[in-house]
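# Per-entry structural report
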There are 2 protein chains.
Amino acid sequence: MKTAQILIVGDEILSGRTTDSNSNYLARALFVRGVRVQRIEVIPDNLILIGQWIQNCHGLTDFTFVAGGIGGTPDDMTREGVARGLGVELKRHKEAAAILLKYYGEKINSDRLGMADLPMGCQLIENNVTHAPGFKIKNIYVFAGIPKILHAMFEKIQNEITGDPLFEEELKLKVGEGDIAQFMRIINMEFPLLELGSYPTLDPDKGYKTQLVFRATSQKVVRDALARFKELQAGPTLKKV
Amino acid sequence: MKTAQILIVGDEILSGRTTDSNSNYLARALFVRGVRVQRIEVIPDNLILIGQWIQNCHGLTDFTFVAGGIGGTPDDMTREGVARGLGVELKRHKEAAAILLKYYGEKINSDRLGMADLPMGCQLIENNVTHAPGFKIKNIYVFAGIPKILHAMFEKIQNEITGDPLFEEELKLKVGEGDIAQFMRIINMEFPLLELGSYPTLDPDKGYKTQLVFRATSQKVVRDALARFKELQAGPTLKKV
């Protein structure tokens with residue numbers, strides 16, 4: 001099983017000013033590619049915290065995705081934070097600098113050029129939207145925080161991200177969770193390789209609803225468990241004499 | 001400065017099936033009350049991971065908010081995880097059990113009653129929506145994951161959450177980040193108590209835009225910094241002779 005974690009860097013998320021949509025985009029894209037996201041964390045635009053996080057956590061999963069804080073203003077600290085966390089130098093990347101020079105022309109300045117200061121040894125991730133590149137170093141992919149750019153960057157590298165296909169089936173039930181918990185326990189015992197999640201939704205007019213999600217790396221397990229659940233829910237049937 | 005952290009428990013967030021809106025709601029509600037969110041983390045419905053997180057992290061901030069996983073199905077592990085993380089027993093809470101019995105009537109069963117199994121010593125957080133209570137223990141507030149219920153629970157306890165008022169002003173600029181980075185550096189030097197964040201947005205038709213956010217516990221600092229920024233951006237003015 002391939003695993004990933006997502007680090008979102010941004011004071012604006014922590015203050016509630018901005019809703020983070022990047023983690024959901026990445027989580028779904030990774031799930032579809034068979035990679036399990038084990039954690040998502042949001043931390044401030046703080047050099048020490050970013051560095052510590054990278055140092056302590058980057059080895060914990062197969063892939064690490066970082067979003068936000070790679071721009072050219074003083075509150076953008078992710079490039080340097082990743083470099084410090086890995087104990088490598090932050091250095092002007094020639095190819096990145098050339099891209100920025102070409103794109104900005106006479107509007108280039110030292111702040112914009114600063115976006116080419118990247119951890120030594122990284123590879124660029126192109127960005128056809130605003131041209132300031134993201135980068136990859138070790139198992140860490142670092143993207144811009146603007147969703148449209150993040151999507152474009154992910155698309156550039158998505159073929160490098162492969163895991164084990166996951167199968168998922170959903171059952172929409174018009175009962176409360178408490179009515180099916182007993183069946184879920186039986187399913188959990190009979191299908192140890194299955195992951196079974198129950199998600200209640202509230203609809204005061206129409207009563208309780210529950211989404212039951214069956215998930216496994218084997219499609220057969222998903223199908224068999226689903227069939228078994230329906231059988232359990234239908235209750236004991238009378239044998240014809 | 002009062003601080004908080006938010007733990008979201010839920011496989012459905014990590015798989016991208018569901019977009020977490022609870023952390024944004026809490027982040028904004030806490031910001032408004034003058035409490036700084038230092039981190040948001042999403043972890044799986046896993047007893048060991050929840051227990052470890054609580055044990056390692058609950059002391060790091062003034063307040064800890066946990067959302068999700070307090071229902072009555074086998075994938076709901078937050079009640080037990082919090083108990084384990086704090087090293088206290090999970091025990092049937094009499095008042096919670098009475099609430100559930102009264103609400104469910106003849107639809108009560110052992111799974112539903114299981115929602116009254118709570119860490120010893122906790123206080124209930126009432127829930128007028130579905131009645132299954134949240135709880136508070138030490139500095140940890142544990143809420144349901146369904147947004148409507150979480151909001152209702154937060155409202156019940158919000159008066160306990162007080163920090164230092166924060167002031168925020170926003171400037172919408174029709175320039176790219178790279179054009180104002182130089183002024184931001186000056187502002188950062190001149191106003192050490194200010195937090196200055198720059199958030200670019202992309203609008204291909206209308207060119208670059210930047211939101212510049214000024215934030216501080218002193219309203220004067222915010223206003224002075226804002227005025228100084230405008231002065232810097234206007235450039236040197238010619239003195240009349």
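Residues numbered from 1 in each chain as written. Chains lettered and ligands numbered in written order. Predicted model: local features only at pLDDT ≥ 70, side-chain atom pairs only at ≥ 80, totals over all residues.

A few words on the overall build of chain A. Along the backbone of chain A there are 9 helices and 11 strands. C-alpha atoms of chain A, sized along the principal axes, occupy 90 × 35 × 30 Å. Residues classed as buried in chain A amount to 45% of the 241 residues present. (Helix = DSSP H or I, 4+ residues; strand = E, 2+ residues; numbered from the N terminus. Buried ≥ 20, exposed ≤ 12 C-beta atoms within 10 Å, placed from the backbone.)

At an RMSD of 0.0 Å, chain A and chain B line up after a rotation of 180 degrees and a shift of 0.0 Å along the axis. Each copy turns onto its partner about a two-fold axis. For chain A, the minimum C-alpha distance to the rotation axis belongs to glutamate 41 of chain A and amounts to 2.2 Å. Most of the interface of chain A is mirrored in chain B, where 100% of its interface residues again form contacts. (Least-squares fit on C-alpha atoms with pLDDT ≥ 70 in both. Contact = placed C-beta atoms within 7 Å.)

All names here are of chain B. The N-to-C vectors of helix α8 (residues 177-190) and helix α9 (residues 219-234) enclose an angle of 145 degrees; their axes lie 10 Å apart at closest approach. Here α8 runs over α9; the crossing is right-handed. Residues Phe183, Ile186, Ile187 and Glu190 of α8 form the contact with α9, whose participating residues are Ala225, Arg228, Phe229, Leu232 and Gln233. Along the lines of polarity and charge, the residues of the contact of α8 with α9 split into 6 nonpolar, 1 polar and 2 charged. (Axes fitted to C-alpha atoms, helices over the stretch in contact; angles between N-to-C directions. Left-handed = near helix turned anticlockwise from the far one by under 90°. Nonpolar A, V, L, I, M, F, W, Y, C, P; charged D, E, K, R; others polar.)

What follows covers the interface of chain A and chain B. Taken residue by residue, the interface counts 46 residues in chain A and 46 residues in chain B. Taken together, the elements giving at least two residues each to the side of chain A that touches chain B come down to α1 (11-14), α2 (22-32), β2 (35-43), α6 (110-113), α8 (177-190) and β10 (195-201) of chain A. Partitioned by chemical class, the residues of the side of chain A that touches chain B number 18 nonpolar, 15 polar and 13 charged. With 3 bridges joining them, β2 of chain A and strand β2 (residues 35-43) of chain B adopt antiparallel strand pairing. When the sheet's bridge partners are listed, glutamate 41 of chain A is paired in β2 of chain B with glutamate 41 of chain B. (Pairing = 2+ DSSP bridges.)

Nonpolar side chains tend to gather and get buried jointly when the protein is soluble and globular. Ranked by size, the top nonpolar core spans 96 residues in total, and within it Val66 and Phe143 of chain A together with Val66 and Phe143 of chain B carry the most contacts. The next biggest cluster of nonpolar side chains, apart from the first, holds 15 residues, and it includes Met184, Ile187, Val222 and Phe229 of chain A. (Core = buried A, V, L, I, M, F, W, Y, C linked by C-beta atoms within 7 Å.)

Residues and elements named next belong to chain A. Taking strand neighbours across the sheet as the criterion, the 3 strands line up as β9-β11-β10 in an open arrangement whose pairing is antiparallel. The two strands at the open ends of the sheet, each matched to only one other strand, are β9 (167-173) and β10. Geometrically, the sheet is characterised by an average inter-axis angle of 20 degrees between neighbouring strands, direction not taken into account. Helix α9 (residues 219-234) rests against β9 and β11 (209-216) of the sheet, and its axis sits at about 145 degrees to β11.

Moving on, we get to helix α4 (residues 78-86) of chain A. In terms of residue burial, α4 of chain A counts as a mostly covered element, since 7 of its 9 residues are buried. Just downstream of α4 of chain A, glycine 87 of chain A is the residue with a positive phi angle, here 70 degrees.

Under the domain assignment used here, chain A contains domain 1 (2-160) and domain 2 (167-234). On a C-alpha basis, the centroid separation for the pair domain 1 of chain A and domain 2 of chain A is 37 Å. (Domains from an automatic or database assignment.)

Further remarks concern the sheet that holds β2 of chain B. Within a sheet, neighbouring strands are paired by backbone hydrogen bonds and run either parallel or antiparallel to one another. Read from one edge of the open sheet, 12 strands run β6(A)-β7(A)-β8(A)-β3(A)-β1(A)-β2(A)-β2(B)-β1(B)-β3(B)-β8(B)-β7(B)-β6(B), paired in mixed fashion. Each having just a single partner strand, β6 (123-125) of chain A together with β6 (123-125) of chain B make up the two edges of the open sheet. Averaged over all adjacent pairs, the angle separating strand axes in this sheet is 20 degrees, with direction ignored. Note: strand β1 (residues 2-9) of chain A against β2 of chain A, 8 bridges, orientation parallel. Following the sheet pairing, isoleucine 6 of chain A is matched in β2 of chain A by isoleucine 40 of chain A.

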